[in-house]
Amino acid sequence: GERRTVTILFVDAVGSTSRSEHVDPEELHGVIRAATDMMIDAVNHCGGTVTQFRGDGVMAIFGAPIAHEDSARRAVAASLYMRDALDAYATECASRGAIGFEYRIGLNTGPVVVGTIGSDLTMDYSAVGDTVNLAARMEQSAAPRTVCVSEHTQRAVAEYFEFRDLGTRDVKGRVDPVRAFEVVRELPSRTRLDASAARGLTPYVGREDQLGVLQATFAQARRGEGQVVFITGEAGMGKSR
């Protein structure tokens, strides 16, 4: 396995066992399949990976096996796409008298070990760690048709989404209460650097020569002399900025 920091997403139907007791299996299969397709589309659209199918829900990972520097933001965006699509689908089912489930979604961000689990005959790619357990608890504590995230996820994406503080709640298997947030909506689009600028950028230190080269080549480009600049360095040193 490989240690990664990821965001885990769980989505599951609310009260599906009791509601499906008297429903024809073919009708039930059609409803669950359509809802599952919507979940998969939302995960794929945002660059995540579906790792488990849980009857009428799924588990997805953002940040592995494909790593993105904004994995948490992608995961929360996927949860909102999913929430709105499933909400509309449940309303549509109700309007034509068919069964329609309400879904709830939970997310958590943190370290896990990811990799293949099982033998050569049965092998799955999945994540292991307490991060996964807390994501599942967030989903279980969410109200129907809502997205509930841990404080770890909320802190990672606070500049990009509007949240409602749900306060602390007791979580099975944990001694201390856990703070939770409901995702309300995505804020107007802005880049990671825009968000950093809103918080306040630190001054450059020891970058006079490099900034001089960039300004000179930019001036040449403005005069019609095309230029290419290649910047390389360790992660986090400010290349994007």
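Scroll up a little and you will see the structure.
Residues numbered from 1 in each chain as written. Predicted model: local features only at pLDDT ≥ 70, side-chain atom pairs only at ≥ 80, totals over all residues. Heavy atoms only, no water.

Visitor: How should the overall build of the protein be read in this particular structure?
Guide: On a plain count of helices and strands, the protein comes out with seven helices and eight strands. Principal-axis analysis of the C-alpha atoms places the extent of the protein at approximately 75 × 45 × 40 Å. Counting the 241 residues in the protein, one finds 39% classified as buried. For the protein, the exposed area adds up to about 13900 Å²; of that, 51% sits on carbon and sulfur atoms. For the protein, the distance from the average position of its 27 positive side-chain charges to the average position of its 32 negative side-chain charges is 6 Å. (Helix = DSSP H or I, 4+ residues; strand = E, 2+ residues; numbered from the N terminus. Buried < 20%, exposed > 50% of the residue type's maximum accessible area, 1.4 Å probe, protein only. Areas by Shrake-Rupley, 256 points an atom, 1.4 Å probe, with all protein chains shown as cover. Lys, Arg positive; Asp, Glu negative; His and termini not counted. Charge placed at Lys NZ, Arg CZ, Asp CG, Glu CD.)

Visitor: What am I meant to see in the side chain of R4 here?
Guide: Structurally, R4 is set in strand 1 (residues 2–14). Residue R4 is classed as buried on the basis of its relative accessible area, which comes to 19%. A polar atom in the side chain of R4 sits 2.8 Å from the backbone oxygen of G63. When near neighbours in sequence (up to four residues on either side) are disregarded, R4 contacts G63, A64, P65, A67, G110, P111, V112 and V114. (Polar contact = N/O pair within 3.5 Å; in protein donor to acceptor, adjacent residues only side chain to side chain. Contact = heavy atoms within 4.5 Å.)

Visitor: Can you walk me through the nonpolar core in this structure?
Guide: Buried together is how nonpolar side chains tend to be arranged in soluble globular proteins. Residues V11, M82 and F161 are the most contacted members of the largest nonpolar core, which totals 40 residues. A total of 10 residues in this core trace back to one element, the largest contributor, which is helix 3 (residues 71–95). Each residue touching F161, except ones within four places of it in the same chain, is listed here: R73, V76, A77, L80, V183, R185, E186 and L187. M59, A64, V132 and A136 belong to the second largest nonpolar core, which has 12 residues in total. (Core = buried A, V, L, I, M, F, W, Y, C linked by side-chain atoms within 4.5 Å.)

Visitor: Help me understand the environment of G224 in this model?
Guide: Examined against the element boundaries, G224 turns out to sit in the segment after helix 7 (208–222). Spatially, the C-alpha atoms of G224 and A34 are 54 Å apart, while their sequence positions differ by 190 residues.

Visitor: Looking at this structure, I do not really get the packing of aromatic side chains. What am I missing?
Guide: The relation between two aromatic rings is expressed through the spacing of the ring centres and the mutual angle of the planes. Under the criterion given, the structure shown has two aromatic pairs. A ring pair is formed by F161 and F163, whose centres lie 6.5 Å apart and whose planes are at 65°; its orientation type is edge-to-face. For the pair shown, F161 and F163 are each scored as buried. Both rings, one in F163 and one in F181, keep their centres 6.3 Å apart while their planes meet at 80°; by these two values the pair is edge-to-face. Linking F163 in strand 7 (residues 161–169) with F181 in strand 8 (residues 178–186), this pair joins segments that are 18 residues apart in sequence. Here F163 and F181 have matching classes, each one buried. Counting every residue linked through ring pairs, the aromatic cluster contains F161, F163 and F181. (Phe/Tyr/Trp six-rings, centres within 6.5 Å; stacked < 30°, edge-to-face > 60°.)

Visitor: Help me understand helix 4 (residues 130–141) in this model?
Guide: Structurally, the α-helix is built with 3.6 residues per turn, so residues lying three or four positions apart point the same way. The end-to-end C-alpha distance of helix 4 is 17 Å, a good match for the 16 Å that 12 residues give at a rise of 1.5 Å each. Those residues of helix 4 lying buried are T131, V132, L134, A135, A136, M138 and E139. (Expected span 1.5 Å × (residues − 1).)

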